[in-house]
Amino acid sequence: MHILLICDPGHPSRRVASIQDEFLDHLQQDFETEVTVDVCTEALRVQADHRLELSTLDAIVDRYPAADLVIMLTAIPRHTQGKPLIAEVLPARNIAVISCPTLGAMTTKRRLLKIYMSCVNQLLPDGHVPAKRNRLPRWGQWSSRTESGRRTLHAHTFTGGTRLVLGMTMANEPLRMARKLSRVMAAAAATGAFGIFYSSIWQMSHHLSTLRLISIGIIAIAVMVGWLLTINRLWDRPVNERLAQVVFYYNLSTVLTLIICVTGLCALLVIGILAGGLIVIDPEFVALTIHRPEARLTNYLDIG
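Engineer: Would you mind going over the overall build of the chain in detail, with residue names and values included?
Structural biologist: Helices and strands together make up the secondary structure of the chain, namely 12 helices and 7 strands. Counting the 304 residues in the chain, one finds 42% classified as buried. Residue pairs at least 24 apart in sequence account for 71% of intrachain contacts in the chain once pairs closer than 6 positions are excluded. With an accessible surface of roughly 17,100 Å², the chain has 59% of that area assigned to carbon and sulfur atoms.

Engineer: For the layout of surface pockets, give the residues involved together with the corresponding values.
Structural biologist: Think of a ball as big as a water molecule: rolled over the atoms, this probe shows where empty space is left. Here the largest pocket is characterised by a volume of approximately 1,100 Å³. Around the largest pocket, the lining comprises 34 residues; the ones closest to its centre are Ile216, Gly217, Leu269, Val270 and Gly304. In terms of residue count, helix 9 (residues 210-231) provides more of the lining of the largest pocket than any other element does, 9 residues in total. Grouping the constituent residues of the lining of the largest pocket by class yields 24 nonpolar, 9 polar and 1 charged.

Engineer: Provide a residue-level description of the pairing of strand 1 (residues 2-7), including the pertinent values.
Structural biologist: Strand 1 sits mainly inside the fold: 6 of its 6 residues count as buried. Of the two faces of strand 1, the one lined by His2, Leu4 and Ile6 and the one lined by Ile3, Leu5 and Cys7 are each fully buried. Taken together, the 6 bridges between strand 1 and strand 2 (residues 36-41) define a ladder with parallel strand orientation. Bridging across to strand 2, Ile6 finds its partner in Cys40. A crossover connection joins strand 1 to the parallel strand 2 through helix 1 (residues 11-31); in handedness this β-α-β unit is right-handed. With 5 bridges joining them, strand 1 and strand 3 (residues 69-74) adopt parallel strand pairing. Pairing of Ile6 across the sheet is with Met72, part of strand 3.

Engineer: Can you break down the environment of Met185 residue by residue, with the values?
Structural biologist: Relative to the elements of secondary structure, Met185 occurs in helix 6 (residues 182-192). By relative accessible area, Met185 is classed as partly exposed at 21%. Placed 63 residues apart in sequence, Met185 and Phe248 show a C-alpha to C-alpha distance of 29 Å. Ignoring sequence-local partners within four residues, the contact set of Met185 consists of Leu265, Leu268 and Leu269.

What counts and what doesn't
Residues numbered from 1 in each chain as written. Predicted model: local features only at pLDDT ≥ 70, side-chain atom pairs only at ≥ 80, totals over all residues. Heavy atoms only, no water. Helix = DSSP H or I, 4+ residues; strand = E, 2+ residues; numbered from the N terminus. Buried < 20%, exposed > 50% of the residue type's maximum accessible area, 1.4 Å probe, protein only. Contact = heavy atoms within 4.5 Å. Areas by Shrake-Rupley, 256 points an atom, 1.4 Å probe, with all protein chains shown as cover. 1 Å grid on protein atoms, 1.4 Å probe; cavity = no way out; pocket = protein on both sides within 12 Å on 5 of 7 lines; lining within 4 Å. Points joined across faces, edges and corners; volume = space filled by probe spheres on them. Nonpolar A, V, L, I, M, F, W, Y, C, P; charged D, E, K, R; others polar. Pairing = 2+ DSSP bridges. Right-handed = clockwise from strand over helix to strand, strands pointing away.

What follows is the structure, given as structure tokens:
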């Protein structure tokens, strides 16, 4: 048996690399035959209506004529029949396509292996079923065969949407995106430095309640996220009603990505100002300015 694993660059390729050896072991154990697994990293294109461009996939497969079965792990979120699509099997082409975002943000290797083994099982002709059925996922059922033989595995109606959005957010890699905002971070740090040297800010931070300080931080994050959405035109609008649900998932994951990114930067900024304040500001001077017997760590944290 010769199996070709195609994966999009980035997160999908790392997931495939992490399970490649175990997947090969499972195949050899279940089929008790010689198995060859090739891995190819290629970006699979998508059409204007968010459907996979199978001609691109066929061009990749043509480079591996010895491959019996092909499994593609794509970073493209897929949604059909009103539910997120985990996997799709096209027996006529001997191809299975798995959507990485639909698996969620923290999919285990064990679960991913089960989906891969299940796709292999669905691609095989009748009468050639793996001996160890316990490798097949119990949390989802494949749809019945159509005239074309196409089969689909959908996520759960209630949890699938949440898992899809979290998976799309993880694929966006929000922490790596923070490097794109280095100039904003530098400007914010320079502005925040005023809080270390101006005693009026110390007094104001002392008199404001913790709830109000947190509210100010939340408003600042919301304004920053809104500005990034607007200035970069990141909010999508569906071109037709059929794509409304998919575009909604895209927008939700974009907002969540920006919230994680901006919140992380704000947390670094608070830590930086806290550290700077502890180094520069004398505790007795702080206590004298805010009219307290002594300065506590919470006073420095309020300044941040």
